[in-house]
Structures are given as C-alpha cells and as structure tokens.
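# Topology and contacts: notes
The lines below spell out each chain.
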Amino acid sequence: MATNTSESSRTIAVIPGDGVGMEVTREAMGIASAAASREGCRLEMNWLDWGCDHFLRTGAMMPPDALDTLSSHDAIYLGCIGDAARVPDHVSLQLLLSIRKGFDQYINLRPVYLYDGVTSPLRDVKPGGIDLVVVRENVEGEYARIGGRFKPGTPEEIALQTAVFTRKGTERTMRYAFELSRRRRKLAGRGSFVGMVTSCTKSNALNYSMVFWDEVYRQVAADYNDIRQDSAMVDALSMWLVKNPGSFDVIVASNLFGDIITDLAAMLQGGMGFAAGGNINPERVHPSMFEPIHGSAPRYTGQGVVNPVAAIEAARMMLEHLRLETAARCIRRALQDVLSEGVVRTRDMGGSASTGDMGRAILERLQGGRAEG
Ligand code: IPM
Ligand code: MN
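Fair warning: this is a prediction, and the values are worked out from it, not measured in the lab.

### Comments concerning empty space enclosed by the protein
- Counted according to the given criterion, the structure contains two cavities of 30 Å³ or more.
- What lines the largest cavity is simply Leu97, Arg100, Lys101, Arg136, Asn138, Val139, Tyr143 and Asn255.
- Broken down by element, the residue count for the lining of the largest cavity peaks at three residues, all from helix α5 (residues 94-102).
- A breakdown of the residues in the lining of the largest cavity according to their chemical character gives three nonpolar, two polar and three charged.
- The volume enclosed by the second largest cavity comes to roughly 40 Å³.
- At three residues, the largest contribution of residues to the lining of the second largest cavity is made by strand β4 (residues 107-113).

### Here's the deal with unusual backbone geometry
- Positive phi, close to 60°, is recorded for Arg145, a residue that is not glycine.
- For Arg145, the position within the fold is in strand β6 (residues 141-150).
- A relative accessible area of 54% means that Arg145 is categorised as exposed.
- One non-glycine residue with positive phi stands out, namely Arg323, at about 65°.

### A few points about the packing of helix α8 (residues 234-243) against helix α9 (residues 255-268)
- It is the contact of α8 with α9, at a shortest axis distance of 10 Å, that shows an interaxial angle of 15°. On the basis of their axis angle, the class for α8 and α9 is roughly parallel. The element α8 and its partner α9 pack so that their crossing is right-handed. Between α8 and α9, the residues in contact are Val234, Leu237, Ser238, Leu241 and Val242 and Phe257, Ile261, Leu264 and Leu268, respectively.
- In terms of residue class, the contact of α8 with α9 is made up of eight nonpolar, one polar and no charged.

### Comments concerning the layout of surface pockets
- The computed volume of the largest pocket comes to approximately 1,500 Å³.
- What lines the largest pocket is a set of 36 residues, and nearest its centre among them are Leu180, Arg184, Leu187, Arg316 and Glu320.
- Of all the elements in the fold, those that place two or more residues in the lining of the largest pocket are β4, β5 (131-137), α6 (167-188), β11 (276-280), α10 (309-321) and α11 (325-341).
- In the lining of the largest pocket, the residues fall into 19 nonpolar, three polar and 14 charged.
- The computed volume of the second largest pocket comes to approximately 480 Å³.
- Around the second largest pocket, the lining comprises 26 residues; the ones closest to its centre are Ile81, Leu93, Leu96, Ile293 and Gly295.
- Secondary structure elements with two or more residues in the lining of the second largest pocket: β3 (75-80), α5, α9 and β12 (288-292).
- Residue composition of the lining of the second largest pocket, grouped by class: 13 nonpolar, five polar and eight charged.

Basis of the calculations
Residues numbered from 1 in each chain as written. Chains lettered and ligands numbered in written order. Predicted model: local features only at pLDDT ≥ 70, side-chain atom pairs only at ≥ 80, totals over all residues. Heavy atoms only, no water. 1 Å grid on protein atoms, 1.4 Å probe; cavity = no way out; pocket = protein on both sides within 12 Å on 5 of 7 lines; lining within 4 Å. Points joined across faces, edges and corners; volume = space filled by probe spheres on them. Helix = DSSP H or I, 4+ residues; strand = E, 2+ residues; numbered from the N terminus. Nonpolar A, V, L, I, M, F, W, Y, C, P; charged D, E, K, R; others polar. Buried < 20%, exposed > 50% of the residue type's maximum accessible area, 1.4 Å probe, protein only. Axes fitted to C-alpha atoms, helices over the stretch in contact; angles between N-to-C directions. Parallel < 35°, antiparallel > 145°, perpendicular 65-115°, else oblique. Left-handed = near helix turned anticlockwise from the far one by under 90°. Contact = heavy atoms within 4.5 Å.

Structural data, given as structure tokens:
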C-alpha cells in the first residue's frame, strides 16, 4: 500500500456500487470532505463505477486488476452492492467478499449505538443505553468457500460447506476484541466502566469448531486480566441482546454468527439506516474498507428516501481509521445534534425528509459547529 505520508491529504477509492449506493455515498463523501478540510486535510477521491452494471457490461463486477487499483489508496469506501433481479447475489457479492479476503481485512468492526432522537423498538432503552461493538471475524470461518456439490440434480445430491477456523485467524480476532475493550474503557474515562469481551459461541452443538473457539478465547483472555470474560451461545446471546442490550461492551463472533447478530443489533439501534461497519486490516499493510451494512435497496433506488446516516457513520469510522480524529468527532457531533433535534427525519424515522435533506442538515451543522469540544 502506497501510504500517503503527507498529513495534508488522503486517497480514497470510492465504490458507490448499486441501487441506493450512489445516493448515500454522495452525502457521506460530501460530509467526509468537509470534515477533513476542517482538519486541514484534503480527501482525494477516486470514484469507481464497479458493480452490477459493470458486470452486465463486461462479465465481471470489477476489472481483473481491481485489487491492484485499490491497493494504492489509503482507504476504500463502499456504498452497497447487489441487484438480485439482474445479477444473482452470490455472484455480485463476491466483489465485497473478495476485497475483504484479498486485503486480509480480517476484522469486521460494527459499532452499535442508540442515538438520542432515534427510536429503538425496545420500549425501555434510553439514548446511549445501547453502546456496544461487535468484532466479527471477516475472512474465514463459515465464509471460507470450501465445499462442493455432489451428484447434482439426483436424489442422492449432497452439498457440503465447510467452516474453517485457524488458530491464527481466531486468536488475532480475539486479541483485537480485548484490545478494543481496553481502548473503550480508557475513552470512557470513568472508574465505573468495566471492559468486557463476550464470546459468541455454539460449543454445545459444534463440537470441533466452537470448542476450539472457546479454548482460544480462554487462552487470549488470560492475557487480559483487566477485562471481564463472558461467553454465551449465539442463540442465548440473541435473546440477551434484546432483553438487556446495555449489558454488552465488546462481542467477538465468527463470520456467520457476527453477520446474523449485527442485523439484529442494527434493528435495536433504530434500523439499517443507522448501522455501519469497517472491514479492517489492523496492520495497515492493505487499505481497510468502510460501508453502511444495509443492502442496495433496489426498490427505493432513485427515490431519495433512504436514510444516509449509516453511510455517514461509515465515513466517520473511515476518518477515524485514517487518524483524522478531529474530523471524525465533528461528524459525530453534527450527527448527534441533528438526530436529537428531531426536525429532519427520514422515512424510516417516521418523517418525510429525503436522503439529501438529511445529508445537508448534517453538513450544515458540521460547517457551523465547533471543531473541538
Ligand atoms: C454483510 C452482508 C454480507 C455478509 C453479504 C452481502 C455477503 O450481509 O456485510 O453483513 O454476509 O457479510
Ligand atoms: Mn449481513
């Protein structure tokens, strides 16, 4: 990766993707640029028209040298991918999965926070009452793509999909989760906040992979005596997330379990319009990639009704990763202000504001607001 050593600019590969991707990416990148420039930093964006249209034109979702192109950037921003009516999802979504794997973005970081002004379907939870992060293993596990189809089309047909858990892959994910819990505890700056890493497992049924997962968790946890250990079966954890979401700090999960519980968590924080994620290569050998976790919503494409907050939150995470912390804080504050005022509300929030209205409101707040505080 050609790291940009200049403090005054960062290069971003922007893939708006399909469906509503362009609508939300436009808002997110406008806000990211404005926030970065307040910190004296220019974002040089390289917009790439990869996705389903590209597939229908060329037979591939992205060019054969796509990873080479991307690797010269400091970060990648992805809108959303998929258009099932024209390209099967298991084909189009390879774009996403091959970037995650190709750049060894082995951590999928998914913060879950309930903003003031956002309604959770949970009756009793207050603003800030959900504040957790899911650390999802992002390149192996159930997504290893190992298996096969045998005797296709016959009554004896067999399909095998093998999950792969390596010691290296599992351990580095656990370690990241514990380190993150430590950082969060420091940031909280309160004596009362005790860090905790909850391991999402299923070792009562998956006697090889998840028993191994539990063992590695305990081994890594032994190095972090200051962080509380916790473990729950994925089914029970789903229940606890609904019953008592405020009790979690960091949850560490395998690829598939992490995928499932983050959609559940997204609903708790107000819906897919608020949920963002980062696909992180912690060693920074390769660029990391940031995205809202919602899909391309073909039904709503071109209507300007989708909530851009998730996309903006993904941009905020990107700036934080690029060590533009002041810019990231500006976005968070502007976001928080606009949401808690409750004047500009998109359709998912029960209002009638458009994607652009919400983006503009946050941008204006950001440009009017203070940089610090
Ligand atoms: C996600 C998505 C992807 C995943 C799909 C689209 C392949 O659901 O980012 O959560 O399963 O990882
Ligand atoms: Mn998902």
